[in-house]
Amino acid sequence: AALAQYMATVVQPGMTLVLDTGTTTLEVARALAGVPRLRVLTSSLAIASALHARDNIDLVLLGGNARHHSPDLSGPLTEENLRQFQTELAILGADAVGPEGLYTSDLGIARISRAMIACAREAWVVVDSSKFARRSFVKFADWPAVTHLVTDEDLPAADREWLGECGCTLHVVPLTRGRKAPPSR
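Since we're looking at a predicted model, the values are computed, not measured.

**Some points on the overall build of the protein chain**
Helix and strand counts for the protein chain come out as six helices and twelve strands. Projected onto the principal axes, the alpha-carbon positions of the protein chain cover approximately 40 × 35 × 30 Å. The buried share of the protein chain, taken over its 185 residues, is 50%. Counted over contacts in the protein chain with a minimum sequence separation of 6, partners at least 24 positions apart contribute 57%. Accessible surface computed for the protein chain: about 9100 Å², of which carbon and sulfur atoms make up 51%. When the 18 basic and 20 acidic side-chain charges of the protein chain are each reduced to a single mean position, those positions are 3 Å apart.

Right under this line is the structure:
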């Protein structure tokens with residue numbers, strides 16, 4: 001929730017953005033519900049459900065095949081639809097993060113995440129620090145594709161070190177009230 005609230009301060013009224021599927025991006029969508037005049041594209045049925053009744057949000061559901069056991073859309077139709085749009089921000093999650101790049105557990109979602117990055121001016125990845133200790137099935141992005149990474153203050157020092165060399169701007173968000181976050185770089 002703290003990461004989502006941070007993203008709500010980044011997104012400005014009138015912006016266009018594409019939101020990836022996942023629990024973190026769903027929290028971001030809920031935090032963005034009060035930002036005026038947003039245009040939001042998504043492949044997530046959960047995000048569409050959270051935002052569809054908001055008068056301040058012009059919601060575009062990308063279409064495609066509904067994945068079994070997951071509330072999102074993927075496949076060739078979703079990828080083709082994404083090629084028709086240009087957005088200011090892509091806001092994505094990841095199942096795992098490492099020096100080699102960003103990973104997800106599903107090949108179809110990896111393709112959609114790549115297409116979302118391609119249609120956006122800036123790619124913001126929002127992940128809690130536990131994702132740095134995980135491994136996942138397929139890489140969807142190398143670090144040069146990511147402009148900003150948002151994570152929490154529990155990020156280990158070793159990960160902060162290599163992130164300093166990856167080329168994206170690191171935003172570290174405090175999890176507890178009254179503590180200051182280290183400055184973004």
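**Quick word on the nonpolar core**
Residues Leu-102, Trp-143, Leu-149 and Leu-163 are the most contacted members of the largest nonpolar core, which totals 33 residues. For this core, the elements supplying multiple residues, two or more each, are β6 (87-92), α5 (107-118), β9 (120-126), β10 (138-141), α6 (157-163) and β12 (169-173). Formed by 27 residues, the second largest nonpolar core is a distinct cluster that contains Val-28, Ala-33, Leu-38 and Ile-47.

**Thoughts on the sheet that holds strand β7 (residues 96-98)**
Strand order in the open sheet formed by three strands is β7-β8-β10, with antiparallel pairing between adjacent strands. If you trace the sheet from one side to the other, it starts and ends with β7 and β10, each paired once. Neighbour to neighbour, the strand axes of the sheet diverge by 35° on average, direction disregarded. As paired strands, strand β8 (residues 101-104) and β10 are joined by three bridges and run antiparallel to one another. By the bridge assignment for β10, Leu-102 is matched with Ala-141. Across the sheet, α5 lies against β8 and β10, angled at about 10° from β10, the strand it touches most.

**Re the pairing of β9**
For β9, the tally of buried residues reaches five of seven residues, placing the bulk of the element in the interior. Judged from the five bridges that link them, β6 and β9 form a sheet pairing that is parallel. Directly across from Ile-91, in β9, lies its bridge partner Trp-124. Of the pairings in the sheet, the one linking β9 to strand β11 (residues 148-152) comprises three bridges and is parallel in character. Residue pairing across strands places Val-125 opposite Leu-149, the latter belonging to β11.

**Description of α5**
The terminal C-alpha atoms of α5 lie 17 Å apart, and with twelve residues this matches the ideal 16 Å at 1.5 Å per residue to within 8%. Among the residues of α5, those classed as buried are Ile-109, Ala-110, Ile-112, Ser-113, Ala-115, Met-116 and Ile-117.

**So, the sheet that holds β12**
The seven strands are arranged β3-β2-β1-β6-β9-β11-β12 in an open sheet whose pairing can be described as parallel. Taken across any chain shown, the strands that pair with only one partner, and hence form the sheet edges, are β3 (57-61) and β12. Within this sheet the neighbouring strands show an average axis-to-axis angle of 20°, counted without direction. Bridge count for β11 against β12 is five bridges, and the pairing is parallel. Within β12, the position partnered with Val-150 by the bridge is His-171. With respect to the sheet, α5 is in contact with β1 (16-19), β6 and β9, its orientation differing from that of β6 by roughly 150°.

**Structural notes on the side chain of Glu-79**
With respect to the helices, strands and loops of the structure, Glu-79 is situated in helix α4 (residues 76-82). Glu-79 gets classed as buried once you look at its relative accessible area, which sits at 10%. Apart from residues lying up to four places away in sequence, Glu-79 is in contact with Arg-111 and Ile-112.

Each value, and the rule that gives it
Residues numbered from 1 in each chain as written. Predicted model: local features only at pLDDT ≥ 70, side-chain atom pairs only at ≥ 80, totals over all residues. Heavy atoms only, no water. Helix = DSSP H or I, 4+ residues; strand = E, 2+ residues; numbered from the N terminus. Buried < 20%, exposed > 50% of the residue type's maximum accessible area, 1.4 Å probe, protein only. Contact = heavy atoms within 4.5 Å. Areas by Shrake-Rupley, 256 points an atom, 1.4 Å probe, with all protein chains shown as cover. Lys, Arg positive; Asp, Glu negative; His and termini not counted. Charge placed at Lys NZ, Arg CZ, Asp CG, Glu CD. Core = buried A, V, L, I, M, F, W, Y, C linked by side-chain atoms within 4.5 Å. Pairing = 2+ DSSP bridges. Axes fitted to C-alpha atoms, helices over the stretch in contact; angles between N-to-C directions. Expected span 1.5 Å × (residues − 1).

That is the geometry; function is a separate question.
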